[in-house]
Amino acid sequence: MKQSKMLIPTLREMPSDAQVISHALLLRAGYVRQISAGVYSYLPLANQVIEKAKKIMREEFEKIGAVEMLAPALLSADLWRESGRYDTYGEDLYKLKNREGSDFILGPTHEETFTAIVRDSVKSYKQLPLNLYQIQAKYRDEKRPRNGLLRTREFIMKDGYSFHANYDSLDVTYDAYKTAYENIFTRSEIDFKGIIGDGGAMGGKDSQEFMAITPDRTDLTRWVVLDKSVSSFDEIPADVQEAIKEELTGWLVSGEDTVVYSSESGYAANLEMATNEYKPSNRVVTEDELTRVETPDCKSIDEVAAFLHMDESQTIKTLVYIADEKPIVALLVGNDQLNEVKLKNYLGADFFEPASEDEVRELFGANFGSLGPVHLPEDIQIIADRKVEDIHNAVVGANEDGYHLTGVNPGRDFLAEYVDIREVQEGEISPDGQGILKFARGIEIGHIFKLGTRYSESMNATVLDENGRAVPVVMGCYGIGVSRLLSAVMEQHARLFVNKTPKGDYRYAWGINFPKELAPFDVHLIPINVKDEEALALTAQLETELVNAGYEVLTDDRKERAGVKFSDSDLIGLPIRVTVGKKAADGIVEVKIKATGDTIEVNVENLLETLEILTKKNN
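Residues numbered from 1 in each chain as written. Predicted model: local features only at pLDDT ≥ 70, side-chain atom pairs only at ≥ 80, totals over all residues. Heavy atoms only, no water.

Each helix and strand in the protein was counted, giving 16 helices and 32 strands. Projected onto its principal axes, the C-alpha positions of the protein cover 95 × 70 × 50 Å. Out of the 619 residues belonging to the protein, those deemed buried represent 52%. Sequence-distant contacts, at least 24 apart, represent 69% of the contacts inside the protein between residues at least 6 apart. Roughly 28,600 Å² of accessible area belongs to the protein as shown, and the carbon and sulfur atoms make up 48% of that amount. One way to put it: in the protein the 70 positive side-chain charges average out to a point 7 Å from where the 103 negative ones average out. (Helix = DSSP H or I, 4+ residues; strand = E, 2+ residues; numbered from the N terminus. Buried < 20%, exposed > 50% of the residue type's maximum accessible area, 1.4 Å probe, protein only. Contact = heavy atoms within 4.5 Å. Areas by Shrake-Rupley, 256 points an atom, 1.4 Å probe, with all protein chains shown as cover. Lys, Arg positive; Asp, Glu negative; His and termini not counted. Charge placed at Lys NZ, Arg CZ, Asp CG, Glu CD.)

The tally for this structure, following the rule as stated, stands at 15 aromatic pairs. Here Trp-223 and Trp-510 contribute two aromatic rings whose centre-to-centre distance is 6.1 Å and whose plane-to-plane angle is 90°, an arrangement assigned as edge-to-face. A residue pair is termed long-range when its members are at least 10 positions apart, and Trp-223 in helix H7 (residues 220-223) and Trp-510 in strand E27 (residues 506-512) qualify at 287 residues. For Trp-223, a relative accessible area of 0% gives the class buried. Given the relative accessible area of 5%, Trp-510 is considered buried. Put simply, the rings of Phe-61, Tyr-133, Tyr-177, Tyr-181, Phe-185, Phe-192, Phe-210 and Tyr-478 touch in pairs and so form one group of aromatic residues. Positioned above the aromatic ring of Tyr-261, the side-chain terminus of Lys-193 is 4.7 Å from the ring centre. (Phe/Tyr/Trp six-rings, centres within 6.5 Å; stacked < 30°, edge-to-face > 60°. Lys NZ or Arg CZ within 6 Å of the ring centre and 35° of its normal.)

This part is about the sheet that holds strand E11 (residues 224-226). Overall, mixed pairing links the 3 strands, which are arranged E11-E26-E27 in an open sheet. Every other strand in the sheet has two partners, leaving E11 and E27 as the edge strands with one partner each. On average, each strand axis in the sheet is tilted by 30° relative to the strand beside it, whichever way the strands run. Judged from the 7 bridges that link them, strand E26 (residues 494-500) and E27 form a sheet pairing that is antiparallel. Within the sheet, the bridge partner assigned to Arg-495 lies in E27 and is Gly-511. The strands touched by helix H1 (residues 21-28) within the sheet are E26 and E27, with E27 carrying the most contacts at an inclination of about 90°. Taken strand by strand, helix H13 (residues 482-493) contacts E26 and E27, and its axis lies near 35° from that of E26. (Pairing = 2+ DSSP bridges. Axes fitted to C-alpha atoms, helices over the stretch in contact; angles between N-to-C directions.)

What follows concerns the pattern of salt bridges. Tallied over the entire structure, the rule returns 41 salt bridges. Here Arg-151 and Glu-142 are joined by a salt bridge, their closest N and O atoms 3.2 Å apart. Where Lys-342 meets Asp-420, a salt bridge forms, and the shortest distance between an N and an O atom there is 3.0 Å. Of this pair, Lys-342 sits in helix H10 (residues 340-347) while Asp-420 sits in the loop between strand E21 (417-419) and strand E22 (437-452), and the two are 78 residues apart along the sequence. Take Lys-342 and Asp-420: they sit in the same class, and that class is buried. Three or more residues joined by partner-sharing salt bridges are found here, namely Lys-55, Glu-59, Glu-60, Lys-63, Arg-187 and Glu-517. (Salt bridge = Lys/Arg side-chain N within 4 Å of Asp/Glu carboxyl O.)

Here we take up the domain arrangement of the protein. Entries for the protein in the domain assignment read domain 1 (14-216 + 440-490), domain 2 (291-419) and domain 3 (521-615). The centre of domain 2, based on its C-alpha atoms, is set 68 Å off from the matching centre of domain 3. (Domains from an automatic or database assignment.)

So, on to the packing of helix H2 (residues 44-63) against H13. The N-to-C vectors of H2 and H13 enclose an angle of 110°; their axes lie 10 Å apart at closest approach. Judged by the inter-axis angle, H2 sits roughly perpendicular to H13. The way H2 lies across H13 gives a crossing that is right-handed. Along its contact with H2, which presents Ala-46, Val-49, Ile-50, Ala-53 and Met-57, the element H13 presents Val-482, Leu-485 and Leu-486. A class-by-class count of the residues in the contact of H2 with H13 yields 8 nonpolar, no polar and no charged. (Parallel < 35°, antiparallel > 145°, perpendicular 65-115°, else oblique. Left-handed = near helix turned anticlockwise from the far one by under 90°. Nonpolar A, V, L, I, M, F, W, Y, C, P; charged D, E, K, R; others polar.)

This brings us to the sheet that holds strand E20 (residues 403-408). The 3 strands are arranged E14-E20-E19 in an open sheet whose pairing can be described as antiparallel. Of all strands in the sheet, those bounded by a partner on one side alone are strand E14 (291-294) and strand E19 (394-397). Across the sheet, the axes of successive neighbouring strands diverge by a mean angle of 35°, strand direction being ignored. Of the strand pairs in this sheet, E19 and E20 are connected by 3 bridges, and their pairing is antiparallel. Within E20, the residue paired with Gly-397 across the bridge is His-404.

Structure representation (C-alpha cells):
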C-alpha cells in the first residue's frame, strides 16, 4: 500500500485537549478523528487494527464453537420492557420514536434481542447448547464522554450469548470463553488480569472482568526506546532523564477501574468486588451501660472521636440509602468506606441511591452526623459490615442532633445482618491468606457473565426438557470492547524514542510500538530520496518481494524530507522499518526493529531471511 494513497493525518504536536497518552497518540498518529462528543471516525490505520483484532477473535471463537451473526442496532423498546430494563437501565439508554410513534432504542447491549431470537426459534433441549456472537457498534448516552475511545457514546463491541439446558453446560462454555479471552489478549500482547467482576446492569451472577493494566510511569526503561545513536540509557544526561520523567507524569493515568490483586497469589478483583481476609474476634469484653452524651458541633467520625478522646475504630458510622423505595441503614467501623456495589448486590436492588437530607430527617428525626442504629423502627433493615460485629462499647449517633451514644454493643442494642460491605484498603491481607492486597489502575477490555435465567424467565424463553416439561433456558453473556482494545494497546505500547543529534543534543518524541498481530502493516518501507531512480526501483522490487512473501507493506512514497518520514514512522508504529537510503546502489538497506530500536544493515538478497529471523527473535 502506498502511503500517499492512505489518509494518515499525523500532527506535529500532541493535541492539547487530550489528557491520556492513548487518546493523544490516536489523534497525533492519524488513527482517529472526533466527529462529535464521544463519537469518533476510525481512519484507515485504526480500521486496519480493528480488523486484525476481529480476525484474532474469530479464530479463537471458532475453536470453542461460537458462531458469528449480526443483530440490528435499532431495537424495539417492547423487548426491553419484557426484561424490565427499559425503566431500570438509566439515562445512558438512547430512546427514540419512529414516525408512527412506536418506541425504539439504540442497542447498548443485546441480551433481550438474542433471548427473543432463541425463544422464537428453539423449542427443545436437544437444540442446545447454542453459542452465538456478533461484532457491531453499540450506543450509550454517556453523560461525560472522555479520554478518547475509553468512554464514548458510540463504540465497537463484540458481544456473545450462549444458551443451555442446564448450568453444567453453561459452566463448560463459560470456562471455554475464559480461555478464548486469555488467548485473544495474549495474542494482542496486552498485559492483563482476569479479575472477579460485578454484573451490574447486565444482571449477571458469577462474572469475570479482563483488565488491561496501566503501565507504571516511574519505570523509564519500560517507556524509552533508544536510537542507534544512543549507546545506553545511562548515557542520557540527568536533566534529559528528568525531562522525560516530567513528560511521562504529565499525562493522566488512564483506566477508570482499580484492580486489586494479591502480591503472592492469583487473587484479583475489581475494587467494587474485592474483599480481604477476615477472622472474627473472639475477645470477651465487659459491656458498658448505654449512655447519651452531648457532642456539640461534632458531625464527622474524626470530630466525634477527638471530642470523646477515643480512637476512630471505636465508632460506628451510620449511612442511609433508599433501595427500591425502602430505607436501608448501612453500618461501618470508623472511617471505613462503604462499597455501594457490594451493598446493592446483596440487596438485589434495581434502584439504589443515598437518602436525601429530608428523607433522613423524616426517618430519624435528626440530620447527618447524628445518626445511629439504636431504637430504630423494626421495619428498617440494618446491614452492617462484618467488622461491626466485633466492636464493643462503641459510639454511635443518638438520632438527636448534637448527641451520641456510648457503650453501644451489637446484638444487645441493635440487630443487624452482617455482610462484607466495606471497601478494601491497599496492604490488607489477601482473602486467600497469601500475600497482601495491591492496587493498580486498569482499563476494562472484556467481561464474561453467567446470566442464568435472568432474561429467559422474564421473557418466557423456555425449552422442553427430557421429561417434556417447559424449563427456562440458562444463559451466559460474553463481551469485548473492541474499540477500547485499541486504546489499551496504545496505552501499553506507547514509547518515547530517544536519539542523539550530530551536535550532541538528546531528543525524545512519542511514538507507538505496535504488537505484531495487531499492527496495521508488518513493514514500513521508506525510500529516503524519491528522486533517486535507482533507489525507487529497488524500493519497488523490495515491495513486491515482501508482499509475495506474505508481508503487509506500507511504502512511504511521499515527497517529504527524511525527518518527516521517520517521525511519522515512529508515530504509526509498525514493527519493522526498512529504509532504502544512500547505499541503495550497493544493494544495502537499513532494517530497524521497532520494539528494541536495534538497527542493522542488510544486503537486499538476504532481507527476507533476515526478517524471518528477526520476527521469530522478537516474538
